Amino acid sequence: MAPEQIATPDRVGFEADVFSLGVSCFNMVTGELPWTSADADELVALKLRQDAPRPSSVVPGVSEEVDALCERLLSRDPRKRGVAPPKSGSLRCLACGKSLGSAPTRCPGCDLPFPPTRPRLEFTDGPAAGQVFLIPQAEFVTGRLQIAPESLNMSRRQMHVACSGSVMVRDLGAANPTRLDDGPLTFDAFLRPGDRLHVAGSTGRFLVGA
Ligand SMILES: [Zn+2]
């Protein structure tokens, strides 16, 4: 448990996970825990008041780099653990538009499953810029409401998507037609990783894998 989970339990962020990583790191290097006490209250007090020891003080010969890494990860001040926060709220479902947690296997909005290869569209510009849409395994119609509700030049029925692991898209006669880099999408076309899909003023790159 990170010190802030004891001191300010209502203000705990991802930094607490970084702290846990630091504890694991310290344990792998030294075979011990950074703070130990048979008494639970004393253990809490130690975490709040005392910096973690350097791994090299427990196991001589540990490098300065490992010492510095553990010191940073185990910093009692969450802000000093030095890891950028993950982008939040940017992952969404292409079928229903719902915001998703970090690694969903099924959409909490439409209940469709996401293939393990994580086929997705990462939008780089236009009203949907910065958002990543996971593509669930299903056939569905998607458009303005799911992708960019404020973007009036996108049709409600913008494109048809069929995903069975591989992904096929077709424009549905939208006012601003969906296009691939190499042409219109009048018929179903398979997306290949790296393809850029132009959706009424927003460009999404199709990606699969990690
Ligand atoms: Zn969904």
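Everything numeric in this text was worked out from a predicted model, so none of it was measured. (Residues numbered from 1 in each chain as written. Predicted model: local features only at pLDDT ≥ 70, side-chain atom pairs only at ≥ 80, totals over all residues.)

Attention now moves to the sheet that holds strand S9 (residues 189-190). Read across the sheet, 4 strands follow the order S4-S5-S6-S9 without closing on themselves; strand pairing throughout is antiparallel. Edge strands, defined here as strands with exactly one partner in the open sheet, are strand S4 (139-142) and S9. Bridge analysis of S4 against strand S5 (residues 159-163) gives 4 bridges, and the strand direction is antiparallel. Paired with Thr142 across the bridge in S5 is Met159. (Pairing = 2+ DSSP bridges. Helix = DSSP H or I, 4+ residues; strand = E, 2+ residues; numbered from the N terminus.)

Along the chain, Pro53 turns up in the loop between helix H3 (40-49) and helix H4 (55-58). Judged by C-beta crowding, with 17 C-beta atoms within 10 Å, Pro53 ranks as partly exposed. Distance in space between the C-alpha atoms of Pro53 and Cys70 is 9.1 Å, their sequence separation being 17 residues. What Pro53 contacts, discounting residues up to four positions off in sequence, is Pro34 and Val58. (Buried ≥ 20, exposed ≤ 12 C-beta atoms within 10 Å, placed from the backbone. Contact = placed C-beta atoms within 7 Å.)

The next subject is the packing of helix H2 (residues 15-30) against helix H5 (residues 64-73). Axis separation between H2 and H5 bottoms out at 8 Å; the angle between their running directions is 145°. Here the hand of the crossing between H2 and H5 comes out left-handed. Packed against H2, whose contacting residues are Val18, Phe19, Leu21, Gly22, Cys25, Phe26 and Val29, the element H5 presents Val66, Leu69, Cys70 and Leu73 at the interface. (Axes fitted to C-alpha atoms, helices over the stretch in contact; angles between N-to-C directions. Left-handed = near helix turned anticlockwise from the far one by under 90°.)

With that settled, the discussion passes to the sheet that holds strand S8 (residues 183-184). Spatially, S1-S3-S2-S11-S10-S7-S8 is the arrangement adopted by the 7 strands of the open sheet, whose pairing is mixed. Of all strands in the sheet, those bounded by a partner on one side alone are strand S1 (91-93) and S8. Both strand S10 (residues 196-199) and strand S11 (residues 202-207) contribute to a ladder of 4 bridges, which runs antiparallel. The residue of S11 that forms the bridge with Val199 is Ser202.

Here the domain parsing of the protein chain yields domain 1 (3-81) and domain 2 (91-207). Summarising the inter-unit geometry, the C-alpha centres of domain 1 and domain 2 are found 43 Å apart. (Domains from an automatic or database assignment.)

Here Leu33 shows up in the loop between H2 and H3. In this structure, the C-alpha to C-alpha distance between Leu33 and Pro53, residues 20 residues apart in sequence, is 9.7 Å. Not counting residues up to four positions away in its chain, the partners in contact with Leu33 are Val23 and Asn27.

As a further point, take the environment of Arg196. When you line up the elements, Arg196 lands in strand S10. Given 15 C-beta atoms within 10 Å, Arg196 falls into the partly exposed group.

Turning our eyes to something else, we now look at the nonpolar core. Counting 25 residues, the largest nonpolar core has Leu94, Leu121, Phe133, Ile135, Val161, Val167 and Val169 as the members making the most contacts within it. Counting residues per element, the ones that place at least two in this core are strand S2 (120-125), strand S3 (132-134), S5, strand S6 (167-171) and S10. A total of 3 residues in this core trace back to one element, the largest contributor, which is S5. Setting aside anything within four residues of it in sequence, one finds Phe133 in contact with Arg92, Cys93, Leu94, Arg120, Leu121 and Ile147. With 8 residues, the next largest nonpolar core counts Ala2, Cys70, Leu73 and Leu74 among its residues. (Core = buried A, V, L, I, M, F, W, Y, C linked by C-beta atoms within 7 Å.)

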